[in-house]
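Inside the fold
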Amino acid sequence: MTLRDVVQIVDGTVLCGEDNLGREVHLGFASDLMSDVLTLLADDILLITGLSNNQAIRTAEMSDILQILFVRNKRPTKTMLDLAKEHGITVITTPYSMFRSSGLLFSKGLQPVY
Amino acid sequence: MHVSFQVQAGDFSNAGKVSSTVKGILKQLNLGPVHVKRIIVALYEAEVNVVAHSYGGTITCEVEPESVDILVCDTGPGIPDLDLAMTEGWSTATTEVREMGFGAGMGLANIRKNTDRLAIDTGEGKPTKIHMCFDLANGAAHA
Ligand SMILES: Nc1ncnc2c1ncn2[C@@H]1O[C@H](COP(=O)(O)OP(=O)(O)O)[C@@H](O)[C@H]1O
Ligand SMILES: [Mg+2]
């Protein structure tokens, strides 16, 4: 699916990286544990997380993850969004929970990593 | 080439800056993405550990055509039982570290997984010195 599909499925709001909504994403990974994210080898992953701080963006940068979905209306700070922009990361926020977001995206075909 | 950086203890808002800078250097030197990823994942975990668990330290990187050598040294307080600390899931992380998304006790295990050679010199009340070596000779990974 494209990031545009992701936004539509989770009733999301794009906070930065609007230019890349046509990008395809095949895998989803939901976690608040950054060390867990750092074990992933694939690149085209949507990171679904409730952890809204600099390290979430940094971890995405280190793992070559180019899209993050923040659940439960977590609002990243300006510093976080600047960091995301600098690394070409698209940031989306949704009012839905991690469970609901993951369930909806999975049912529409986003693949699990494991 | 040789580069060196300082890392401040407890400075969570800047944790990862060194890893980010080194990532930029490795990409500029045209290292393959597979190598860049494993080097940077190991380095980032080590950098976060210096911020989270130590009194601060330095990171030194030596990039050669065949290998990358990274030395992460801090000024203490050291790891009393290294075997235990290497165990996945074991952690002394504070609430503050957990709020950063770390503290699951997976960092040292991640470092070991991503390095070709790893030497850790530490002990109670001692500095911790982590020497990570990455071989670049494996051609397939340059893809
Ligand atoms: N540089 C360090 N200085 C002192 N203690 C450390 C250092 N790095 C790791 N440790 C100790 O080893 C434990 C395990 O580290 P790690 O596997 O990275 O997990 P985490 O950082 O999630 O706790 C830490 O909780 C800490 O007690
Ligand atoms: Mg750690």
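Let me begin by describing the structure that accompanies this report. As the structure is a computational prediction, the values presented were derived from the model and not from experiment.

Now for the environment of Asp5(A). All names here are of chain A. Mapped onto the secondary structure, aspartate 5 falls in helix α1 (residues 3-9). The class of aspartate 5 is partly exposed, set by a relative accessible area of 31%. The spacing of aspartate 5 and lysine 108 is 103 residues in sequence and 9.3 Å in space, taken between C-alpha atoms.

Moving on, we get to the site of ligand 1. Residues and elements named next belong to chain B. Every one of the 17 residues lining ligand 1 counts as a neighbour, but His53, Asp74, Ser91, Thr92 and Leu108 are closest to it. One of the side-chain N or O atoms of serine 91 is found 2.6 Å from an oxygen atom in ligand 1. Interatomic distance of 2.9 Å between a backbone N/O atom of glycine 105 and an oxygen atom of ligand 1. When ligand 1 sits alone it has 540 Å² of accessible area, and the protein chains cover 95% of it.

This brings us to the pattern of salt bridges. Counted by the stated rule, this structure contains seven salt bridges over all chains. The residue Lys23(B) makes a salt bridge to Asp64(A) at a minimum N-O spacing of 2.6 Å. Residue Lys23(B) is found in helix α1 (residues 17-28), and its partner Asp64(A) is found in the loop between α3 (54-62) and β4 (67-70); the two belong to separate chains. Here Asp64(A) falls in the partly exposed class, since its relative accessible area comes to 23%.

Glancing now at the sheet that holds strand β2 (residues 57-63) of chain B. Residue and element names in this part refer to chain B. Sheet architecture is open: five strands sit in the order β1-β2-β3-β5-β4, paired in antiparallel fashion. What marks the edges here is a single partner per strand, and that holds for β1 (2-7) and β4 (117-121). Each adjacent strand pair in this sheet contributes to an overall mean axis angle of 10°, direction not counted. Where β1 meets β2, six bridges bridge the pair, whose relative direction is antiparallel. Note that in β2 the partner of serine 4 across the bridge is threonine 60.

Moving on to the interface of chain A and chain B. Contact residues are listed per partner, giving 22 residues for chain A and 22 residues for chain B. Approximately 1,700 Å² of surface area, both sides summed, lies buried where chain A meets chain B, with 52% of it carried by carbon and sulfur atoms. Joining chain A to chain B, the criterion identifies two salt bridges. Here Asp43(A) ties to Lys37(B) by a salt bridge, and the two come within 2.9 Å at their closest N and O atoms. Joining chain A to chain B, the criterion identifies 17 residue pairs in polar contact (both at pLDDT 80 or more). Among the elements of the structure, α2 (34-37) and α3 of chain A are those that each provide at least two residues to the side of chain A that touches chain B.

Further remarks concern the nonpolar core. One finds Ile57(A), Val91(A), Ile70(B), Val72(B) and Met132(B) to be the most contacted residues of the largest nonpolar core, which totals 65 residues. Beyond its immediate chain neighbours, meaning those up to four positions away, Val72(B) contacts Leu43(B), Ala46(B), Val50(B), Thr58(B), Ile59(B), Thr128(B), Lys129(B), Ile130(B) and Met132(B). Ranked by size, the runner-up nonpolar core spans 17 residues in total, among them Val7(A), Ile9(A), Val25(A) and Tyr96(A).

The next thing to look at is α3(A). Residue and element names in this part refer to chain A. Within α3, nine of the nine residues are buried, leaving the element largely enclosed by the surrounding structure. The N-capping residue of α3, defined by a side-chain oxygen 3.0 Å from the backbone nitrogen of glutamine 55, is asparagine 53. Looking one or two places after α3, you find aspartate 64, whose phi comes out positive at around 60°.

The next point concerns the pairing of β2(B). All names here are of chain B. Within β2, five of the seven residues are buried, leaving the element largely enclosed by the surrounding structure. The sheet contact formed by β2 and strand β3 (residues 67-74) spans seven bridges and is antiparallel. Across the sheet, the residue bridging to valine 63 is valine 68, located in β3. In textbook terms, the turn of a hairpin is the stretch between consecutive antiparallel strands, and for β2 and β3 this stretch comprises three residues.

What counts and how
- Residues numbered from 1 in each chain as written.
- Chains lettered and ligands numbered in written order.
- Predicted model: local features only at pLDDT ≥ 70, side-chain atom pairs only at ≥ 80, totals over all residues.
- Heavy atoms only, no water.
- Helix = DSSP H or I, 4+ residues; strand = E, 2+ residues; numbered from the N terminus.
- Buried < 20%, exposed > 50% of the residue type's maximum accessible area, 1.4 Å probe, protein only.
- Near = heavy atom within 4 Å.
- Polar contact = N/O pair within 3.5 Å; in protein donor to acceptor, adjacent residues only side chain to side chain.
- Areas by Shrake-Rupley, 256 points an atom, 1.4 Å probe, with all protein chains shown as cover.
- Salt bridge = Lys/Arg side-chain N within 4 Å of Asp/Glu carboxyl O.
- Pairing = 2+ DSSP bridges.
- Axes fitted to C-alpha atoms, helices over the stretch in contact; angles between N-to-C directions.
- Contact = heavy atoms within 4.5 Å.
- Buried area = accessible area lost by both parts, 1.4 Å probe.
- Core = buried A, V, L, I, M, F, W, Y, C linked by side-chain atoms within 4.5 Å.

As far as function goes, none of this settles anything; it's purely spatial.
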